[in-house]
Each structure stands twice: as C-alpha cells, then as structure tokens.
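Listed below, chain by chain, are the residues.
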Amino acid sequence: MTHSKVSRRTVIATLGALGATAAFAQGTPTRPATVRLGYQKSSTLVALLKVQGTLEKQLAPLHVSVSWHEFTSGLPLLEALNLDNLDISADVADTVPVFAQAAGADLTFIAQEAPSPAAQAIVVREDSPLKTVADLKGKKVGFAKAAGAHYLLIAALAKAGLSFKDITPAYLTPADGRAAFEKGAIDAWVVWDPFLAAAQRQPGQSKVRVLADGAGIASYQRYYLASTPFANARPDVLRVFYAELEKTGKWVKQNPKDAAALLSPVWGLDAATIEQANARRSYAVRPVVPELLVEQQRIADAFFAERLLPRKIDALNVALFKPGA
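These lines cover the structure that appears in this document, whether it is placed above or below. (Residues numbered from 1 in each chain as written. Predicted model: local features only at pLDDT ≥ 70, side-chain atom pairs only at ≥ 80, totals over all residues. Heavy atoms only, no water.)

Brief notes about the packing of helix H11 (residues 256–267) against helix H12 (residues 271–279)
Argument step 1. Contact geometry for H11 and H12: axes closest at 8 Å, N-to-C directions at 120 degrees. One way to sum up the angle between H11 and H12 is to call them oblique. When you trace H11 past H12, the crossing you get is right-handed. Contact with H11, carried on its side by Pro 256, Lys 257, Ala 260, Ala 261, Leu 263, Ser 264 and Trp 267, involves Ala 271, Ile 274, Glu 275 and Asn 278 of H12 and no other residues of that element.
Argument step 2. When grouped by side-chain class, the residues that make up the contact of H11 with H12 number seven nonpolar, two polar and two charged. (Axes fitted to C-alpha atoms, helices over the stretch in contact; angles between N-to-C directions. Helix = DSSP H or I, 4+ residues; strand = E, 2+ residues; numbered from the N terminus. Parallel < 35°, antiparallel > 145°, perpendicular 65-115°, else oblique. Left-handed = near helix turned anticlockwise from the far one by under 90°. Contact = heavy atoms within 4.5 Å. Nonpolar A, V, L, I, M, F, W, Y, C, P; charged D, E, K, R; others polar.)

This is the structure we're talking about:
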C-alpha cells in the first residue's frame, strides 16, 4: 500500500471503479494502458509536461500512454474524477477537494503546491466606487463555484465583518466572468492566475484594481489528486507523475522566460503576462502530509457555515500518496 489514511476509516471503492482500474492494471506492451489526465488552464506544470511530451516519455517504460482532458475549472474536473471518467487530476485549488469529499468522492491526494496567496484576488474596475472589501455589501460578485476564489471571497468578507449572504453571487467560469466584468454586469470579480494577470495587463480595456488578494486571508494551496482505486493499482505511474511535477516546478522558477515562451501559444497569452502570473505561484511541489492539511478543515467549516456544503466533513479524512514508498 503506497498511501495512508489520516483517520482509521477505510476508503471503499465502487465496483465500477475497481473494474476500470483492474483493466488498466492489465495493460501490456502489446496493448498499452492509458492514463486519463484532467487539467485546466491554470494547470501550469501539467501544461508544460503536455507541450513537451515529457510525461509520455517517462511513462513509456511502463507501457503507459496519456490521454489529456481539459476542463474550465476545478469542480467539474474532480466531478469527472469521482465518476471514473479520469484517473488523475492536475492541480486544483484547495477548496475543490472539500466539495468533492462532501459528494462522497473516493480520492487520493498525490501532491501539494506550497502556498501562493497573491495568485488570486478580488478585483474591481479602476473607475469603480468600491474601495474596500466592506464596500461589496449588496453588490454582485462573480467567481467560479468551489474555486479557490470562492473561499477567498468568503474569508475576505468575514474579515471585513460581512457574510456571504451580504453579496449577490454570480457563479461564472473565468471566461464568462471576464466578459461580465468588462461589460459591468458584475461589480467585482474574484479570479486566479493566469486570468488575473491577463485582466491586469489587457490592452485597450478598463484597468483593474485589486481590493484584496489572499495575503493573510487564504493561503491558496493547489492539490494534485487521483482516484483511490487507480492510486492503489498504479503507484508506479503516480511516482513518475510526482517526480516530473517536482522537476518541472523547479524548472519554471529557475527559467521564467523560457517557461512563459513555451506556455504562450498554449494559453493564447503573451509571454510577459504569463511571466507575471507565474511569478505569483510557488510551483513548489511537495508530498501531502496531515500537518499541511490544517487549512482544509478551515475551508470546509467556512463553506458549511455558509450552507454551501451539504454536510459537515472531516477534511483530514483523506488518502495520501507517499511518493517515496
């Protein structure tokens, strides 16, 4: 067994997931197995692995190929993982696994990126009369449901003496949020990089002003996950995946211009915007241990208190992959 439970409760896999995993495990050199990997636009390290073909090269000795599946945000990504439509999820914000757990998802945490609090923010147009988070009372705020931006908003409102009920939420994908923000259909927008950097640098559009980022409010740690049946069946694949993430994270920080140049055609953004976004992300990949999950419980409790989770959960009751095992 290559992953452990933080609590004593046992993870129970569905028969369907077990069947799919068993089929994967039987992959042979004549019929290569395929790992289904989901990602989103902000999945920087996975985007680099994809464009460079690195993961396929490292998995070739295991006779494993990769199929890539892009999602608009983290929540639908983990929903697909929970429904056995994916095997591995690229990084999602710390809030997303909480919603997945509440839905009964059987997931294993593979890795965590160290905090990047400035990589998401609450923004308004430069000419907006709103000057502080407290001014959001009674206003319409756009953000992606269950994203890190969602928790940032809740935490920032609480710090300003407000609750989630004091604003009118508009659940929007990043693309829809950008359009609504530019048209003035929402009063404020909560978003993460690289969408944040793109909004800040977009020529010919109204400039944006930051009301608050995550500093001192929300750490914004990102997690890589797998379905637990898959993690049990193919720890060898997860070890390769973890090693490549760790290596790529270090490379991005050491070679910011080269990384931005590679990502520019993939993301459809200019290299300078990408470099600005990447500067705010830590990309420090590390194993997930119980001590690093403390904020997960605060996030879960905050969402439950606002009646945004259907039930109270133990955020530490998760399976953890051990890359060195």
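Thoughts on the pattern of salt bridges
Argument step 1. On inspection of all chains with the given rule, the structure shows 14 salt bridges.
Argument step 2. One salt bridge in this structure joins Asp 84 and Arg 36, with 3.3 Å as the shortest N-O distance. Here the residue Asp 84 occupies a position in the loop between helix H4 (74–82) and strand S4 (88–93), and Arg 36 occupies one in strand S2 (residues 33–40), the gap between them amounting to 48 residues.
Argument step 3. For Arg 281, the salt bridge is made with Glu 113, and the minimal N-O distance between the two is 3.1 Å. Placement of the pair is Arg 281 in the loop between H12 and strand S12 (285–286) and Glu 113 in strand S5 (residues 107–113), with a sequence separation of 168 residues. Here Arg 281 and Glu 113 have matching classes, each one buried.
Argument step 4. Because the salt bridges share partners, they merge into one network encompassing Asp 91, Glu 113, Arg 222 and Arg 281. (Salt bridge = Lys/Arg side-chain N within 4 Å of Asp/Glu carboxyl O. Buried < 20%, exposed > 50% of the residue type's maximum accessible area, 1.4 Å probe, protein only.)

Re H11
Argument step 1. Taking 1.5 Å of rise per residue, twelve residues should cover 16 Å, and H11 covers 15 Å from first to last C-alpha, within 8% of that figure.
Argument step 2. Buried residues of H11: Ala 259, Ala 260, Leu 263, Ser 264 and Trp 267, and no others. In a view along the axis of H11, the buried residues occupy a sector of 145 degrees, so they form one face of it.
Argument step 3. One or two steps after H11, the chain reaches Gly 268, where phi turns positive at roughly 70 degrees. (Expected span 1.5 Å × (residues − 1). Arc of directions from axis to C-beta.)

Some details on the sheet that holds strand S8 (residues 168–171)
Argument step 1. In space, the five strands of this open sheet follow the order S8-S7-S9-S6-S10, with mixed pairing throughout. A single partner strand is all that each edge strand has here, and the edge strands are S8 and strand S10 (208–213). Each neighbouring strand pair of the sheet contributes to a mean axis angle of 30 degrees, computed without reference to strand direction.
Argument step 2. Along the sheet face, helix H6 (residues 148–159) touches strand S6 (120–125), strand S7 (140–143), S8, strand S9 (188–192) and S10 and points at about 75 degrees away from the line of S6.
Argument step 3. Packed on one face of the sheet, helix H7 (residues 174–183) meets S6, S9 and S10 and runs near 150 degrees to S9. (Pairing = 2+ DSSP bridges.)

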